[in-house]
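Below are the chains, spelled out letter by letter.
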Amino acid sequence: MNAYLATKSNVPPGYGHPTFGVAHILTLVFTVVFIALFSSFYKRRDEKVRKTIRIVVAVFLLLDEVLKHANAILTGQWEAYLLPLHLCSVNIFIIALDAFHSTESKENYLVAVCIPASIMALIFPSWLETLPYFGLMSLHSWTVHIALLLYPCLLLASGFNPSLKEFFKAKVVIPFSLLLVFVFFFNRAFGTDFFFLSEGGEGNPLSFFESVMNPISYALFVAFLLYLMPTVTILFVNAIKKRL
């Protein structure tokens, strides 16, 4: 198996990089600078250009996800854990829906959920210590999460103000809750770890809580965090916007 096409399950040992090593830190710096500059550019454009940019980001995310699956299928590596059922994977499709038909509910969700989820993935990348940095699956993971963070940042740059009331409306929180329940039982049935409801995973701070809790209490704790995360994000974003 070519290490640069391998998934995490098949990559030979010795290709990974340490979390918070030079490669990781440089990637985080690049991400901050790129999103800041692109958001500034986006802010100065009219709505027609902004919509085109949002569509381009959405299409890029979809194609990036397709590339991941095409590689895994063509090289005989596809497994259930590659299904787009992680929180960030779900956000790809919500971004696609919003890019072509924007609504306050979708944009509010993306700011509240997509920003913290993608930040956590970039700070604690589960792929970094296993995959070669310039391997296809590693580059997929970096580019997807950077684009996932970029999209809601563009929304904020154009003046969007997130709302706790909007997030906790039934049309947002009920589908989100049903998805959590579905993913929990899917994980139990197929041995996957979508939404990290089964285990923390490599390099993830949730691993500590997994080690001191039983599976049900751990899953409930992660579910609690998934509701706390958007609440804190919205409050933080609005506090920052008031100061600017």
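Residues numbered from 1 in each chain as written. Predicted model: local features only at pLDDT ≥ 70, side-chain atom pairs only at ≥ 80, totals over all residues. Heavy atoms only, no water.

With that settled, consider the overall build of the chain. Along the backbone of the chain there are nine helices and zero strands. The secondary structure elements of the chain, listed N-terminal to C-terminal, are α-α-α-α-α-α-α-α-α. Radius of gyration (C-alpha) of the chain: 18 Å, near the 18 Å computed for a compact globule of 244 residues. Based on the C-alpha atoms only, the size of the chain along its principal axes is roughly 50 × 35 × 30 Å. In the chain, buried positions account for 46% of the 244 residues. Taking the contacts inside the chain whose residues are at least 6 apart along the sequence as the reference set, 71% of them involve residues at least 24 apart. Looking at the chain, you have 17 positive and 14 negative side-chain charges, and the mean spots of the two groups are 13 Å apart. (Helix = DSSP H or I, 4+ residues; strand = E, 2+ residues; numbered from the N terminus. Rg over C-alpha atoms; globule rule 2.2 N^0.38 Å. Buried < 20%, exposed > 50% of the residue type's maximum accessible area, 1.4 Å probe, protein only. Contact = heavy atoms within 4.5 Å. Lys, Arg positive; Asp, Glu negative; His and termini not counted. Charge placed at Lys NZ, Arg CZ, Asp CG, Glu CD.)

This part covers unusual backbone geometry. Despite not being glycine, phenylalanine 20 has its phi angle at roughly 65 degrees, a positive value. Along the chain, phenylalanine 20 falls in the segment before α1 (22–43). Classification of phenylalanine 20 as partly exposed rests on a relative accessible area of 45%. Here the phi dihedral of phenylalanine 196 falls at roughly 55 degrees; this positive angle occurs in a residue that is not glycine. By the secondary structure assignment, phenylalanine 196 is in the loop between α7 (170–190) and α8 (206–212).

Let's shift gears to the packing of helix α2 (residues 47–74) against helix α3 (residues 87–100). Running from N to C, α2 and α3 cross one another at 150 degrees; their axes reach a closest spacing of 9 Å. When the axes of α2 and α3 are compared, the crossing they make is left-handed. Taken together, the residues of α3 that come into contact with α2 (itself represented by Lys51, Arg54, Ile55, Ala58, Val59, Leu61, Leu62 and Glu65) are Ser89, Ile92, Phe93, Ile95, Ala96, Ala99 and Phe100. Here the residues of the contact of α2 with α3 sort into 11 nonpolar, one polar and three charged. (Axes fitted to C-alpha atoms, helices over the stretch in contact; angles between N-to-C directions. Left-handed = near helix turned anticlockwise from the far one by under 90°. Nonpolar A, V, L, I, M, F, W, Y, C, P; charged D, E, K, R; others polar.)

With that settled, the discussion passes to the pattern of salt bridges. Following the criterion strictly, the structure yields three salt bridges and no others. Its salt-bridge partner being lysine 68, residue glutamate 65 comes within 3.0 Å of it at the nearest N-O pair. Taken as a pair, glutamate 65 and lysine 68 lie in helix α2 at a separation of three residues, close to a single helical turn. This pair shows no difference in class: glutamate 65 is buried, exactly as lysine 68 is. Measuring nitrogen to oxygen at the nearest pair gives 3.1 Å for the salt bridge that ties glutamate 166 to lysine 169. On the basis of relative accessible area, glutamate 166 is assigned to the buried category, the value being 7%. (Salt bridge = Lys/Arg side-chain N within 4 Å of Asp/Glu carboxyl O.)

This paragraph deals with the nonpolar core. The biggest cluster of nonpolar side chains holds 67 residues, and the ones touching the most others in it are Leu61, Leu87, Ile95, Tyr109, Leu148, Phe195 and Leu226. Every element with two or more residues in this core is listed here: α1, α2, α3, α4 (104–123), α5 (136–157), α7 and α9 (215–243). At 14 residues, the largest contribution of residues to this core is made by α5. Setting aside residues no more than four positions away along its own chain, phenylalanine 195 makes contact with Leu85, His86, Leu87, Val90, Phe176, Leu179, Leu180, Val183, Val222 and Leu226. (Core = buried A, V, L, I, M, F, W, Y, C linked by side-chain atoms within 4.5 Å.)

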